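Survey of secondary and tertiary structure
One-letter residues, chain by chain:
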Amino acid sequence: MQFDDIGVRNLPAAGLRTRAITLMWKLGEAAFAEVDTFAWVQRWQISRQWYVHNYRDRRFNALIACRLCTATGRGNAGKPCGECDGTGRVNLLEPPVRRPEQSSGGRP
Ligand SMILES: [Zn+2]
């Protein structure tokens, strides 16, 4: 049995495994460094598990289904929905675009 200088049991196999994991992690950091930096600058959400890096633009969290057309994009008579312009979703970060109302032809 091997012990280190403070008396902790030292298993060569465990040390090799730890070094291999550390090396793989550092290789992953080096491989994704440029992309991670770009994502960080863009303020994207970065989640990492081993060699898989997922990036998500937080602005997607601001998109919700249009309540007026129930995310179909179609309003009455098959026309595009006026609330979401036919996309079926509304961006909470952008103010709604209001079109000028149709003139009734009467008094102002
Ligand atoms: Zn809509």
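As shown above, the structure is provided for reference.
Report on the accompanying structure.

Thresholds applied
Residues numbered from 1 in each chain as written. Predicted model: local features only at pLDDT ≥ 70, side-chain atom pairs only at ≥ 80, totals over all residues. Heavy atoms only, no water. Donors = N, O, S within 2.8 Å, 3.2 Å for Na, K, Ca; no water. Tetrahedral: all angles 85-135°; square planar, octahedral: opposite > 155°, others 65-115°. Helix = DSSP H or I, 4+ residues; strand = E, 2+ residues; numbered from the N terminus. Buried < 20%, exposed > 50% of the residue type's maximum accessible area, 1.4 Å probe, protein only. Lys, Arg positive; Asp, Glu negative; His and termini not counted. Salt bridge = Lys/Arg side-chain N within 4 Å of Asp/Glu carboxyl O. Phe/Tyr/Trp six-rings, centres within 6.5 Å; stacked < 30°, edge-to-face > 60°.

**Some thoughts on the coordination of the zinc ion**
Of the protein atoms, only Cys66 (SG), Cys69 (SG), Cys81 (SG) and Cys84 (SG) coordinate the zinc ion, at distances of 2.2 to 2.4 Å. Around the zinc ion sit 4 donor atoms, and with donor-metal-donor angles ranging over 104 to 118 degrees the site reads as tetrahedral. Each donor residue of the zinc ion belongs to the same chain, with the gaps between them written as C-x2-C-x11-C-x2-C. Highlighted residues: Cys69 in the loop between β3 (63–65) and β4 (89–91) and Cys81 in the loop between β3 and β4, separated in sequence by 12 residues.

**Let's talk about the side chain of Asp36**
Within the secondary structure, Asp36 is located in helix α1 (residues 12–41). Buried and unpaired, Asp36 has Arg48 as its nearest opposite-charge partner, separated by 5.3 Å.

**Digging into the packing of aromatic side chains**
In this structure the tally under the stated criterion is 1 aromatic pair. Relative to Trp44, the ring of Phe38 has its centre 5.5 Å away and its plane inclined at 85 degrees; by these criteria the two rings are edge-to-face. Overall, the relative accessible area of 47% leaves Phe38 in the partly exposed class.

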